[in-house]
Structures are given as C-alpha cells and as structure tokens.
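This is what each chain is made of:
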Amino acid sequence: MPISTARRLALSLAGASLLLAALPAAAQTWPDKSLKIMVGASPGGGTDILARMLADKMAPQLRQSVVVENRPGASNTIAADLTAHAAPDGTTLLLATNTGQAIAPHLLKLKFDPLKDLQPIGLVAVMPNVLVVAADSPYKSVKELTAAMVAKPGQLKYASSGIGSTQHIAGEAFNLATSTKAIHVPYKGSSQAHIDIISGEVTMMFDSTSSAMGQIRAGKFRPLAVMSEKRAAELPDVPTMAEAGVKGADVQTWYALYVTAGTPKPAVDTLVAELQRVLKLPDVQARIKGLGGEVGNIGVDQFAEMNRQEFERFRKLVKDANIKMEGM
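Residues numbered from 1 in each chain as written. Predicted model: local features only at pLDDT ≥ 70, side-chain atom pairs only at ≥ 80, totals over all residues. Heavy atoms only, no water.

**Student:** Describe in detail helix H4 (residues 77-84), supporting the description with residues and values.
**Tutor:** All buried positions along H4 are accounted for by Thr-77, Ala-79, Ala-80, Thr-83 and Ala-84. Looking straight down H4, one finds that the buried residues subtend no more than 155° of arc, so they occupy a single side. Among the structural elements, strand E1 (35-39), strand E3 (92-97), helix H5 (98-103), strand E4 (118-134) and strand E9 (252-260) are those in contact with the buried residues of H4. (Buried < 20%, exposed > 50% of the residue type's maximum accessible area, 1.4 Å probe, protein only. Helix = DSSP H or I, 4+ residues; strand = E, 2+ residues; numbered from the N terminus. Arc of directions from axis to C-beta. Contact = heavy atoms within 4.5 Å.)

**Student:** I'd like a description of helix H7 (residues 166-178), backed by residues and values.
**Tutor:** Between its first and last C-alpha, H7 extends 18 Å over 13 residues, near the 18 Å set by a 1.5 Å rise per residue. Residues Thr-166, Gln-167, His-168, Ile-169, Ala-170, Gly-171, Glu-172, Ala-173, Phe-174, Asn-175 and Thr-178 constitute the buried set of H7. Ser-179 occupies a position one or two residues after H7 and carries a positive phi of about 55°. (Expected span 1.5 Å × (residues − 1).)

**Student:** Which residues make up the environment of Leu-110, and what are the values?
**Tutor:** Structurally, Leu-110 can be placed in the loop between H5 and E4. Residues Leu-110 and Ala-286 lie 176 residues apart in sequence; the distance between their C-alpha atoms is 36 Å. Ignoring sequence-local partners within four residues, the contact set of Leu-110 consists of Thr-77 and Pro-105.

**Student:** Before we move on, could you go through the packing of aromatic side chains and cite the residues and values that matter?
**Tutor:** Geometrically, a pair of aromatic rings is defined through the distance of the ring centres and the angle of the planes. This model, assessed by the stated rule, comprises 4 aromatic pairs. For the ring pair Tyr-158 and Phe-206, a centre distance of 5.6 Å and an interplane angle of 80° mean the geometry is edge-to-face. Pair noted here: Tyr-158 is in strand E5 (residues 157-160) and Phe-206 is in strand E7 (residues 204-208), with a separation of 48 residues, a long-range link. Between the aromatic rings of Trp-254 and Phe-303, the centroid separation amounts to 5.4 Å while the plane-to-plane angle is 80°, which identifies the pairing as edge-to-face. Of this pair, Trp-254 sits in strand E9 while Phe-303 sits in helix H12 (residues 300-320); the two residues are 49 residues apart in sequence, bridging distant segments of the chain. Across the pair, exposure class does not vary: Trp-254 and Phe-303 are buried alike. Put simply, the rings of Tyr-158, Phe-174 and Phe-206 pair up and form one aromatic cluster. The aromatic ring of Phe-314 is capped on one face by Arg-313, whose charged end is 4.8 Å from the ring centroid. (Phe/Tyr/Trp six-rings, centres within 6.5 Å; stacked < 30°, edge-to-face > 60°. Lys NZ or Arg CZ within 6 Å of the ring centre and 35° of its normal.)

**Student:** Could you give an account of the nonpolar core, naming the residues involved and the relevant values?
**Tutor:** Core analysis: the largest hydrophobic core is formed by 34 residues, its most contacted members being Ile-37, Leu-50, Leu-54, Val-124 and Leu-257. Element by element, the count of residues in this core is highest for helix H3 (residues 46-62), at 8 residues. (Core = buried A, V, L, I, M, F, W, Y, C linked by side-chain atoms within 4.5 Å.)

**Student:** Can you break down the packing of H3 against helix H11 (residues 282-290) residue by residue, with the values?
**Tutor:** At a minimum axis distance of 12 Å, the contact between H3 and H11 shows a crossing angle of 175°. Compared by their axis directions, H3 and H11 come out roughly antiparallel. Contacts between H3 and H11 involve Ile-49, Leu-50, Met-53 and Lys-57 from the first element and Asp-283, Val-284, Arg-287 and Ile-288 from the second. Partitioned by chemical class, the residues of the contact of H3 with H11 number 5 nonpolar, no polar and 3 charged. (Axes fitted to C-alpha atoms, helices over the stretch in contact; angles between N-to-C directions. Parallel < 35°, antiparallel > 145°, perpendicular 65-115°, else oblique. Nonpolar A, V, L, I, M, F, W, Y, C, P; charged D, E, K, R; others polar.)

**Student:** For the confidence of the model for the chain, give the residues involved together with the corresponding values.
**Tutor:** On average, residues of the chain carry a pLDDT of 89, and 90% of them reach 70 or more. The low-confidence segment residues 9-28 (pLDDT under 50) makes 4 contacts with residues lying over four places distant or belonging to another chain. (pLDDT = per-residue confidence, 0-100.)

**Student:** How would you sum up the environment of Met-227? Please name residues and give values.
**Tutor:** Here Met-227 is to be found in the loop between strand E8 (221-226) and E9. Given the relative accessible area of 0%, Met-227 is considered buried. When the C-alpha positions of Met-227 and Lys-140 are compared, they lie 17 Å apart, and in sequence the two are 87 residues distant. Dropping the residues within four chain positions of it, Met-227 is found in contact with Asn-129, Ala-170, Phe-206, Met-241, Ala-249, Asp-250, Val-251 and Gln-252.

**Student:** So what's going on with the pattern of salt bridges? Which residues, and what values?
**Tutor:** Pairing between side chains becomes possible if they bear opposite charge and their charged atoms approach one another. Here the structure, examined in full by the defined rule, presents 15 salt bridges. Here Glu-305 and Arg-308 are joined by a salt bridge, their closest N and O atoms 3.0 Å apart. Of this pair, Glu-305 and Arg-308 are both found in helix H12, 3 residues apart, which corresponds to roughly one turn of the helix. With its nearest N and O atoms 2.7 Å apart, the salt bridge here joins Asp-320 to Lys-316. Remark: Lys-316 and Asp-320 occur in helix H12; sequence separation between them is 4 residues, near one turn of the helix. Exposure remark for Lys-316: the relative accessible area of 54% places this residue in the exposed category. Put simply, Lys-36, Glu-69 and Arg-71 are held in one network by salt bridges that share partners. (Salt bridge = Lys/Arg side-chain N within 4 Å of Asp/Glu carboxyl O.)

Here it is as structure tokens:
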C-alpha cells in the first residue's frame, strides 16, 4: 500500500475513533445490561401474563435478558413507585394498568407523579371488564343477579384485585347504575380472588377479560355481561351491560408500558420502536385477542393524551362513587 494511502487511511480511522468517543455511551451500547419489567400485580393475572409475553419477545431483539418482577400491593403503585425512582437508564420498565396510572392517584398519597415521573412507551392492549360468577352459581343473568341484590341488600359480595383497581371501580359503577349495593372484598391479585369466586365465598367479580378468560374457558366462571360498548370478540354470546339492561357501567382495563422519566431519548425511541414491532407480531396479536382484548394500535403521543384524559375521567368516577381507601 502506498505511504500516502496508508496515511490517509490512518487519519480516517483516527477521525472515526474521535467521533465515536464523542457520542454518548448510551447511543453506542444501550442496553448494556439486563432489563426488568415491573408488574404491580401477583403472578398469574392479566398484567403478569402480558408482561411475560413482552419480555419473551423483546429480549432477543434487545440482546439482553428481560425479567419480570412482581411487586403487588397499594393498587399497583408499589411497582410504579419503584420504576419512577429507578435510575433513568432505560432498563427499568413498568407494565401498568389504569388502576395505578389513572385511579390510584385519586385515592392514595403517592410519592411520585404518574403523569410526570413515568415516560409512556405505548399502549399494549385494552380489555373489557366482564361480570363473572361461579359456574355453579344460581345466577344465570344480570337480571337475576340484580334482583337478588335488591332482595338482599348488602349481603352479596364482589371481589377485586385490590381497593382502587379497575375491578373495584367497575363494581361501584355497577352499584351506582343499578341502585343496589354489593359489598366489596379486595384481594392482592385476581388469581387469589378467583379461588373464592369458584368456592362460592364471594358472589361475583367484575374482572378484566385478560385474567378471567382462563377460568371462563375452563368452565369455572360463568360470564354474565361485558362492560364495554360492544361485545367481546372472544365472548360473542355474552351481552354487553347495556344489552343486559344496565346503562352507565362501562369499564375497561388498559395496559401500557412505561419507563422512568428522564431516560435518554435514544433509549426511549428504541423501546417505542421495539414495542410497536412486538405488537405487530401475529402470535402476539392472537394472544391478546385470545384474552378478550384489542391490541393497542395508537402512537405513543396519542396514548399519552389518552392517559391524561383517563386520569381526569376516573377522578370524577372516584368522586361520584365516593370511593375511599378505607382499610388500607
């Protein structure tokens, strides 16, 4: 190789090295360690199911392990708090629901602001809540159940995954819409509540389809109505609440991915793109549909606005239903 050519090559390589050195480390190596997805609910519930699906799909593309860490309690806000206060390096994610992001802030004194301290990555799925009773329950319709609630005020019980959860809100919305009163029994997760529904200890649950579908398919739950404007694709024979004669009791559970606020933009952009890639996978779409839901198909900015609107919507519902965090 001629000396002049060798010299030009050496200078070119030196210049490239200086340019790479000037780039932020995150842009070169992120992610340079394993990631974790925080979940504010117990293993086995809808949030946990979706989080583990995302972890499995994201790990190969990010070339790092992605683990799910369950931190249930306080209306899903323990996991959110840990994410909000984590190092803003893009390796601590949160799979949250509207329980923690739009309902709990109006019931609890939190040490973080869900709208400021958590950066949205995108909407994952939307699932209607569904009114279920045990398969051997004497109640075979919303009409029969409502009649029993009128005849025995304050005696029937409904379960939820915790005070301030969407199941709790859905139950109180049902009480308001039917002018009845069922007693709320909070659990630390849907899977624990299911045991008492099946045993008959608790009469009913306004569960998300993502956690209830397994029990419905197994023949252990009888679905009476979905709490959405239209019937769920996976439950075509189950009426909506409006079709069952109850109006004003529409409640859905949405699931979304967040990262600690302040995370560098290159990492955020990578996560946004990766989530969108995963949500387009046919098996992921089939899995979400199989849980009775719809895939989140809006952009991250649209979702951020949706989150703000839901925050205000549930502020009003909590006030109207006079929901308190008593017993916490």
